[in-house]
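# Per-entry structural report
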Amino acid sequence: MKTNFKKITAILAAAVLSTAALASCGGSDAPAPVTETAPPAAANGDELIMGTNAAFQPFEYVTENGLVDIYDGIDVAIAKKIADENGMTLKIEDMEFDGLVAAVSTGKIDMAVAGMTVTEERQQNVDFSDTYYTASQVMVVPADNEDIKTAEDLKNGKLVGVVLGYTGDNIVTDTIGVSEENITRANRGIDIVQDVKNGKLDAVVIDSATGKALAEANGLKVVEDPAAFESEEYAIAVQKGNTELLDKINKVLAEMKASGEIEELAVKYNSEVGAE
Ligand code: GLN
């Protein structure tokens, strides 16, 4: 019903517009053809659609009184600023992390702001903004765990959890080389950490700030191994060739970096969600 009503309204509006167009040019020119197809998301000037996976505190999470609807976090605050400074309204689409690159490259969303690490593989399908945060992977283990001290220890028959499509997944699978039957993949960091808590898994490999927040919230601890886990840089992904949006994003990021605002956001949200 709602759709039909919308459709009818759109057709009526279009009819009024084309009548007006005819009237204004004395009927000499043919009116532009009326189509019912909505413009692609990326072409809608007033709305800036951010795709994310809102299970990645302190960068994006669901909360009652979020900064934008039910969403809050460092990335939400950055994206809101990008929208505000460009007179746009930020709209947030919460989806699986693994689908974000495809959503950007097909124009379903304008940008992915999701604590997304710049990787060569992703760069084949999307363009990245300047980077705005440095992270690395950490291991979240039970508080009383004594035998996981380095990433190599994970190969000792440990049951390891990762989030599907995250850089942590690639590192555990390819770089460390944990055997496939010992790896469990989930769609959300929040969920997989529960399996460490309830003893189903020995460790979860996940990004540092999120790992710290989730460990603290669940009475677990974080083990770092900087030698094994290289630093990663987060950036915002846009459709390949969308330099117009990329320039807008980079301008705001540069301002926020120069003024220290990103650092302030990191401190604020890390303490709000209980990480270091
Ligand atoms: N930084 C990790 C990656 O890019 C995880 C991001 C996330 O979970 N939102 O794969």
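Here goes a summary of the coordinates provided. As the structure is a computational prediction, the values presented were derived from the model and not from experiment. (Residues numbered from 1 in each chain as written. Predicted model: local features only at pLDDT ≥ 70, side-chain atom pairs only at ≥ 80, totals over all residues. Heavy atoms only, no water.)

We now examine the packing of helix α2 (residues 74-85) against helix α8 (residues 243-258). Pairs of packed helices are described in terms of their axes, by the angle between the two and the distance that separates them. Close contact between α2 and α8 brings their axes to 10 Å; oriented N to C, the two are set at 120°. Judged by the twist between their axes, the crossing of α2 over α8 is right-handed. Counted together, I78, K81, I82 and E85 of α2 and I249, V252, L253, E255 and M256 of α8 form the full contact between these two elements. (Axes fitted to C-alpha atoms, helices over the stretch in contact; angles between N-to-C directions. Helix = DSSP H or I, 4+ residues; strand = E, 2+ residues; numbered from the N terminus. Left-handed = near helix turned anticlockwise from the far one by under 90°. Contact = heavy atoms within 4.5 Å.)

All right, on to the site of the ligand then. Around the ligand, the neighbouring residues are F56, F97, A114, G115, M116, T117, R122, Y166, T167, D207, E232 and Y234. Between the ligand and R122, the relevant distance is 2.8 Å, taken from an oxygen atom to a side-chain nitrogen or oxygen of the residue. Surface burial for the ligand is 100%, taken as the share of its 290 Å² of free accessible area covered by protein chains. Considering only residue class, the shell around the ligand consists of six nonpolar, three polar and three charged. (Near = heavy atom within 4 Å. Polar contact = N/O pair within 3.5 Å; in protein donor to acceptor, adjacent residues only side chain to side chain. Areas by Shrake-Rupley, 256 points an atom, 1.4 Å probe, with all protein chains shown as cover. Nonpolar A, V, L, I, M, F, W, Y, C, P; charged D, E, K, R; others polar.)

Taken together, the three strands give an open sheet; going across it, the order is β2-β3-β4, and neighbouring strands pair in antiparallel fashion. The two strands at the open ends of the sheet, each matched to only one other strand, are β2 (55-56) and β4 (71-72). Strand direction decides the pairing type here: strand β3 (residues 60-62) and β4, joined by two bridges, are antiparallel. Bridge pairing in β4 places Y61 opposite D72. (Pairing = 2+ DSSP bridges.)

In this section: the environment of T184. Mapped onto the fold, T184 is located in strand β10 (residues 183-186). The contacts of T184, once residues within four sequence positions are left out, are V160, G161, V162, I192 and L201.

In total, this model carries 13 salt bridges according to the counting rule given. Across the pair E93 and K91 runs a salt bridge whose closest N-O atoms are separated by 3.4 Å. Residue classification places K91 among the partly exposed positions, given a relative accessible area of 35%. Where K251 meets E255, a salt bridge forms, and the shortest distance between an N and an O atom there is 3.7 Å. You can see K251 and its partner E255 sitting in helix α8, four residues apart, about one turn around the helix. Classification of K251 by relative accessible area gives exposed; the value is 55%. Linked through salt bridges whose partners overlap, the residues forming this network are D169, E180 and R185. (Salt bridge = Lys/Arg side-chain N within 4 Å of Asp/Glu carboxyl O. Buried < 20%, exposed > 50% of the residue type's maximum accessible area, 1.4 Å probe, protein only.)

Below, the discussion takes up the nonpolar core. Across soluble globular proteins, nonpolar side chains have a tendency to be buried as a group. In this structure, I78, L90, M111, Y132 and I236 are the most contacted members of the largest nonpolar core, which totals 65 residues. Here this core takes seven residues from α2, the largest share from any one element. Residue contacts for Y132: discarding those within four places in its chain leaves D75, I78, V113, A114, G115, Y234, A235, I236, L253 and I262. Core analysis: the next-biggest nonpolar cluster, separate from the first, contains 16 residues, M139, L154, V162 and V178 among them. (Core = buried A, V, L, I, M, F, W, Y, C linked by side-chain atoms within 4.5 Å.)

As far as function goes, none of this settles anything; it's purely spatial.
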